[in-house]
Amino acid sequence: MATQEWKFTTKDIAEKPDLFLSGHRACAGCAPTVVLRLIMKAIRGPTIVTQATGCMEVVSSIYPYTSWAVPWLHTAFETAAANASGIEAALKALKKKGKLKHEHVDVIAIAGDGGTYDIGFQALSGAVERGHDFLFVLYDNEAYMNTGIQRSGGTPKGAATTTSPAGTAIPGKLEYKKPIADIMVAHEIPYVATASPYYWRDLLAKVRKGLEVEGPAFLHVLAPCPRGWRSDQAKSIEYSRLAVETCVFPLWEAVNGQYQLSVASKLIALAPQKKRPVTDYLQGQGRFRHLFTPKNKHLLEEFQRVTDERWQRLLAKCGITAKT
Amino acid sequence: MKSVVKQERMALSGDEAVAYAVKQSDVDVVAAYPITPQTIIVERFSEYVANGEVQTEYICTESEHSALAACLAASVTGARTFTASASAGLALMHEMLFVTSGCRAPVVMAIANRALSAPLNIHGDHSDSMAQRDSGWIQLYAENAQEVYDSIIQAFRIAEDVDVLLPIMVGLDGFTLSHTLENVDTLPDDAVKQFVGSRKFPNVLTHEGKKAPFKLDPETPMTMGPIALPNYYFEFKRQQEEAMKNALSVIQKVNSEYAKISDRSYGNGLIEPYRLDDAEIAAVCLGSTAGTMKTIVDALREKGVKAGLLRLRTFRPLPIEDLRSALCNVKAVAVMDRCMSFGGHGGPVFHEIRNVLYDADVRPYVVNYIYGLGGRDTSPLELRSIYSDLQRIVAAKRVEKPIQYLGLRE
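## With respect to the overall build of chain B
The helix and strand inventory of chain B stands at twelve helices and 18 strands. Dimensions of chain B along its principal axes, counting C-alpha atoms only, are 70 × 50 × 50 Å. Put simply, 78% of the contacts in chain B that link residues at least 6 apart link residues at least 24 apart. Counting only carbon and sulfur atoms, one obtains 51% of the accessible surface of chain B, whose full area is about 16,200 Å². When the 42 basic and 51 acidic side-chain charges of chain B are each reduced to a single mean position, those positions are 5 Å apart.

This is the structure we're talking about:
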């Protein structure tokens with residue numbers, strides 16, 4: 001499909017009708033619903049959405065109500081990418097036979113971290129290997145929030161969840177967050193990006209780019225969950241910003257494997273003094289509270305060190321010489 | 001009125017017969033993952049795709065779970081879809097089988113029936129599809145490669161009927177049918193295309209209050225596969241049961257309409273009685289075993305034994321009335337299961353037949369034979385012994401041992 005001109009101004013966005021509608025049952029302060037609303041502001045034409053089981057599926061489709069003003073399909077937890085494959089193949093076949101009313105229909109698959117890093121990973125890896133033309137959006141709230149805050153492959157090291165509690169012997173999750181977006185870049189797909197709802201214009205642009213490329217695109221969006229993060233409902237968007245400003249969750253995109261920093265992170269790369277300590281982000285999140293006790297001081301230090309190392313590696317991938 | 005079309009006789013294995021029928025049925029999307037003894041189906045179909053003989057989008061998924069998820073999604077997008085599996089592959093689909101029927105996606109699937117692990121075994125029995133009995137799929141079992149071909153074509157019509165709208169699996173015994181070359185009379189492409197027709201969609205009310213075809217269409221947005229809580233879930237399930245009941249008449253209708261163009265039918269589509277009218281003793285079986293059983297019945301009849309056979313073609317929906325009226329006048333019935341229900345009282349077909357006969361005015365004696373697991377060969381001699389046992393049961397007026405194992409070392 002021909003690339004369309006896109007410019008997302010506040011006015012454009014305000015005027016564009018919502019396709020993810022209010023009335024859903026999400027908690028107060030839920031960032032993933034903000035992400036969904038933004039995604040649906042960025043679509044370019046007829047679109048079918050398929051979604052994995054998870055919070056966002058459950059809160060938006062309680063029969064007989066729905067928050068979806070586009071055709072929408074949910075089938076199971078691990079099937080978002082497989083469903084997208086089927087929808088895309090069906091559209092192709094119907095078009096070939098002259099049975100499709102539209103010139104083109106975009107396909108978006110949406111899943112949480114459980115449906116992406118863990119149970120849905122095989123289907124995701126298979127679907128992008130096959131090269132289906134679809135955008136996969138991971139809304140990452142860093143645990144299985146729908147079932148009550150259990151750890152996932154996307155939960156950061158040190159975070160307390162109900163299956164990686166901060167106990168007297170074990171201080172929360174022991175393993176690092178899986179670098180899922182890099183793993184998707186390793187699949188050699190045309191477009192991979194990270195985004196945060198605080199930087200909404202960047203997020204919208206990335207959704208649109210993901211739809212415009214031919215072939216699979218993967219968008220990793222950090223989406224704070226006040227219930228699971230044990231954080232202030234009013235601060236979800238603030239944490240979305242702090243994650244970027246501390247370089248815990250830098251914003252970048254990889255177009256045909258070429259990494260480049262997005263504006264918010266690029267500004268930090270150019271002016272390293274702007275890079276804030278990870279404690280600015282971790283403080284106030286109940287899931288990290290135990291890290292601020294004297295005996296876990298080394299874990300906080302490790303969090304900073306690993307964040308710095310990952311940031312340096314990212315800068316290298318973006319061809320930016322590290323400044324100290 | 002018959003308008004039988006000219007047919008071409010081909011030498012096809014059961015698997016090849018499936019692939020050929022799918023090729024002719026104007027299928028939009030095939031998503032599948034290879035597994036013995038189903039593999040030839042996807043291999044042959046891949047050749048059709050590679051040679052440009054079909055317009056089908058073929059997705060080689062990374063698992064059976066994704067294969068069915070893709071078929072389901074393609075189906076609700078409006079595509080005619082097909083997949084094939086067996087054994088472990090079908091077991092891996094288990095979760096998605098329920099989702100497919102619950103989403104009312106008329107996916108057609110061929111099952112080259114094979115044993116389940118452990119121990120690993122690639123040979124034929126019915127453990128795989130019987131384990132999916134309650135998944136909300138229609139289940140047909142074919143007797144030979146000809147019926148495999150005919151049933152796959154019929155399956156699209158049955159599944160996609162707007163009064164049914166349920167997925168369907170067609171079972172063909174692993175290796176016995178899947179890999180054995182037989183003469184198969186095939187219909188011309190245009191006759192099949194005309195018979196299956198194009199997909200039909202019932203009109204439903206969207207959340208915007210519009211009447212629209214039941215599929216994912218950007219013009220008439222629809223939310224499919226929602227969450228339904230205790231206040232609605234139950235009604236969804238009841239509707240599936242209603243659709244199953246509707247399938248009973250649709251299967252019969254399709255069977256007789258197909259007979260008009262092919263001159264072939266399989267009983268009434270649900271059951272196929274063989275020399276059963278005046279039979280005093282009878283066996284009930286599924287699939288390819290019926291072929292051998294028919295020759296045994298013929299031999300016994302020649303000796304004056306009033307033996308008969310009932311081949312159950314449609315296991316789901318279970319043709320309760322047909323079974324009862326066909327069997328209620330028999331004195332003793334042997335039910336054959338190529339599957340075990342561990343810890344239960346006999347195999348799954350036995351459960352059904354006993355259940356059906358409970359409401360008969362006069363109940364025949366019923367005995368269960370479990371046989372042929374993991375591809376164990378069952379000889380004509382062993383099969384014949386079933387009828388001798390039935391004669392003894394009738395004479396003794398009692399069933400001494402209701403659950404029997406045929407051809408087993410104990």
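## A closer look at the sheet that holds strand E3 (residues 106-112) of chain A
The strands that make up a sheet are held in pairs by hydrogen bonds between backbone atoms, and each pair lies either parallel or antiparallel. Spatial strand order, E8(A)-E7(A)-E5(A)-E6(A)-E4(A)-E3(A)-E1(A)-E2(A)-E11(B): nine strands in an open sheet with mixed pairing. With partners counted over all chains shown, the strands left at the sheet margins are strand E8 (258-261) of chain A together with strand E11 (223-224) of chain B, one partner each. Sheet analysis places E3 of chain A next to strand E4 (residues 135-140) of chain A, joined by five bridges and oriented parallel. In the strand pairing of E4 of chain A, Ile-108 of chain A is matched with Leu-135 of chain A. Its contacts with the sheet place helix H8 (residues 200-212) of chain A against E3, E4, strand E5 (191-195), strand E6 (217-222) and strand E7 (252-255) of chain A, and it is angled at close to 165° to E5 of chain A.

## A closer look at the domain arrangement of chain B
Residues and elements named next belong to chain B. Domain boundaries assigned for chain B yield domain 1 (8-201 + 241-262) and domain 2 (271-405). Each of domain 1 and domain 2 was reduced to a C-alpha centroid, and the two centroids are 27 Å apart. Contacts between the two partners involve 28 residues from domain 1, matched on the other side by 27 residues from domain 2. In total, domain 1 and domain 2 occlude about 2,100 Å² of area from one another, counting both sides; carbon and sulfur atoms represent 53% of this. Area buried by domain 1 at its contact with domain 2 is led by Met-130, Arg-133 and Glu-143, which between them contribute 28% of it. Taken together, the connections running from domain 1 to domain 2 amount to five salt bridges.

## A word on empty space enclosed by the protein
Residue and element names in this part refer to chain B. If you walk through the whole model with that rule in mind, you get one cavity of 30 Å³ or more. Lining the largest cavity are Ser-75, Val-76, Arg-104, Ala-105, Pro-106, Leu-165, Arg-199, Phe-214 and Met-224. Within the lining of the largest cavity, the residues separate by chemical class into six nonpolar, one polar and two charged.

## Remarks on helix H2 (residues 31-41) of chain A
Among the eleven residues that make up H2 of chain A, nine are buried, leaving the element largely enclosed by the rest of the structure. Taken residue by residue, H2 of chain A has Ala-31, Pro-32, Thr-33, Val-35, Leu-36, Leu-38, Ile-39, Met-40 and Lys-41 of chain A as its buried positions.

## Structural notes on the pattern of salt bridges
All names here are of chain B. Tallied over the entire structure, the rule returns 55 salt bridges over all chains. Residues Arg-313 and Glu-147 are paired through a salt bridge, measuring 2.8 Å at the closest nitrogen-oxygen approach. Of the two residues, Arg-313 is situated in the loop between strand E14 (307-312) and strand E15 (314-316) and Glu-147 in helix H6 (residues 145-160); the sequence distance between them amounts to 166 residues. The two residues Arg-313 and Glu-147 agree in class, both being buried.

## Some points on the interface of chain A and chain B
Buried accessible area, meaning the area lost when the parts come together, often serves as the stated size of an interface. Between chain A and chain B, the contact holds 44 residues from the first and 43 residues from the second. Taking both partners together, chain A and chain B bury about 3,400 Å²; carbon and sulfur atoms supply 63% of that area. On inspection of chain A and its partner chain B, the count reaches eight salt bridges. Remark: the boundary between chain A and chain B carries 18 residue pairs in polar contact (both at pLDDT 80 or more). Elements that contribute at least two residues to the side of chain A that touches chain B include exactly strand E1 (47-51), helix H3 (55-60), strand E2 (72-74), helix H4 (80-96) and helix H6 (121-129) of chain A. Counting residues per element, the side of chain A that touches chain B draws most heavily on H4 of chain A, at twelve residues. Considering only residue class, the side of chain A that touches chain B consists of 23 nonpolar, 13 polar and eight charged. Pairing geometry for E2 of chain A and E11 of chain B, over two bridges, is parallel. Bridge assignment links Leu-73 of chain A to a residue of E11 of chain B, and that residue is Met-224 of chain B.

## Digging into the side chain of Arg-324 of chain B
Structurally, Arg-324 of chain B is set in helix H10 (residues 320-327). Non-local contacts of Arg-324 of chain B, meaning those with residues more than four positions away in its chain, are made with Val-356, Asp-359 and Ala-360 of chain B.

## Here's the deal with the sheet that holds strand E13 (residues 281-285) of chain B
Residues and elements named next belong to chain B. Taking strand neighbours across the sheet as the criterion, the six strands line up as E12-E14-E13-E16-E17-E18 in an open arrangement whose pairing is mixed. Each having just a single partner strand, strand E12 (271-274) and strand E18 (403-406) make up the two edges of the open sheet. Pairwise comparison of adjacent strand axes, ignoring direction, gives a mean angle of 20° for this sheet. Relative to strand E17 (residues 365-371), strand E16 (residues 332-337) runs parallel, the two sharing six bridges. By the bridge assignment, Asp-337 is partnered in E17 with Ile-370.

## Looking at the side chain of Glu-57 of chain A
Mapped onto the elements of the fold, Glu-57 of chain A is located in helix H3. Among residues more than four places away in sequence, those in contact with Glu-57 of chain A are Gln-51, Ala-52, Trp-72 and His-74 of chain A together with Gly-225 and Ile-227 of chain B.

## With respect to the environment of Thr-33 of chain A
Residues and elements named next belong to chain A. Along the chain, Thr-33 turns up in helix H2. The spatial distance from the C-alpha of Thr-33 to the C-alpha of Leu-21 is 9.7 Å, given a sequence separation of twelve residues. Once you skip the residues sitting within four places of it in the chain, Thr-33 turns out to touch Phe-20, His-24, Ala-26 and Met-56.

## A few points about the environment of Gln-285 of chain A
Residues and elements named next belong to chain A. Along the chain, Gln-285 turns up in the loop between helix H12 (278-282) and helix H13 (297-317). Residue classification places Gln-285 among the buried positions, given a relative accessible area of 2%. Spatially, the C-alpha atom of Gln-285 lies 10 Å from that of Lys-235, the residues being 50 residues apart in sequence. Each residue touching Gln-285, except ones within four places of it in the same chain, is listed here: Trp-229, Arg-230, Ser-231 and Tyr-239. At 2.9 Å, the side chain of Gln-285 forms a polar contact with the backbone oxygen of Tyr-281.

## Observations concerning the packing of H6 of chain B against helix H7 (residues 189-196) of chain B
Between H6 of chain B and H7 of chain B, the least distance of the axes is 8 Å, while the angle of their chain directions is 35°. Contact with H6 of chain B, carried on its side by Tyr-149, Ile-153, Gln-154, Phe-156 and Arg-157 of chain B, involves Val-192, Phe-195 and Val-196 of chain B of H7 of chain B and no other residues of that element.

## Some thoughts on the state of the cysteines
All names here are of chain B. The final tally for this structure, using the stated rule, is zero disulfides over all chains. Residue Cys-60 stays outside any disulfide, its sulfur separated by 12 Å from that of Cys-71, the closest cysteine. No disulfide involves Cys-328; its nearest neighbouring cysteine sulfur is the one of Cys-285, lying 19 Å away. Relative accessible area serves as the criterion here: at 24%, Cys-328 is assigned to the partly exposed category.

## Comments concerning the packing of aromatic side chains
For any two aromatic rings, the description comes down to two numbers: the centre-to-centre distance and the angle of the planes. Scanning the entire structure with this criterion turns up 16 aromatic pairs over all chains. Consider the rings of Phe-195 of chain B and Tyr-258 of chain B, whose centres lie 5.3 Å apart with planes at 75°: the pair is edge-to-face. In this pair, Phe-195 of chain B is assigned in helix H7 and Tyr-258 of chain B in helix H8 (residues 233-262), connecting sequence segments 63 residues apart. Among the residues examined, Phe-195 of chain B registers a relative accessible area of 8% and is labelled buried. Aromatic rings pair up to connect Phe-20, Trp-68 and Trp-72 of chain A into one cluster. The positively charged end of Lys-23 of chain B is found above the aromatic ring belonging to Tyr-48 of chain B, 5.0 Å away from the centroid.

What counts and how
Residues numbered from 1 in each chain as written. Chains lettered and ligands numbered in written order. Predicted model: local features only at pLDDT ≥ 70, side-chain atom pairs only at ≥ 80, totals over all residues. Heavy atoms only, no water. Helix = DSSP H or I, 4+ residues; strand = E, 2+ residues; numbered from the N terminus. Contact = heavy atoms within 4.5 Å. Areas by Shrake-Rupley, 256 points an atom, 1.4 Å probe, with all protein chains shown as cover. Lys, Arg positive; Asp, Glu negative; His and termini not counted. Charge placed at Lys NZ, Arg CZ, Asp CG, Glu CD. Pairing = 2+ DSSP bridges. Axes fitted to C-alpha atoms, helices over the stretch in contact; angles between N-to-C directions. Domains from an automatic or database assignment. Buried area = accessible area lost by both parts, 1.4 Å probe. Salt bridge = Lys/Arg side-chain N within 4 Å of Asp/Glu carboxyl O. 1 Å grid on protein atoms, 1.4 Å probe; cavity = no way out; pocket = protein on both sides within 12 Å on 5 of 7 lines; lining within 4 Å. Points joined across faces, edges and corners; volume = space filled by probe spheres on them. Nonpolar A, V, L, I, M, F, W, Y, C, P; charged D, E, K, R; others polar. Buried < 20%, exposed > 50% of the residue type's maximum accessible area, 1.4 Å probe, protein only. Polar contact = N/O pair within 3.5 Å; in protein donor to acceptor, adjacent residues only side chain to side chain. Disulfide = S-S within 2.5 Å. Phe/Tyr/Trp six-rings, centres within 6.5 Å; stacked < 30°, edge-to-face > 60°. Lys NZ or Arg CZ within 6 Å of the ring centre and 35° of its normal.

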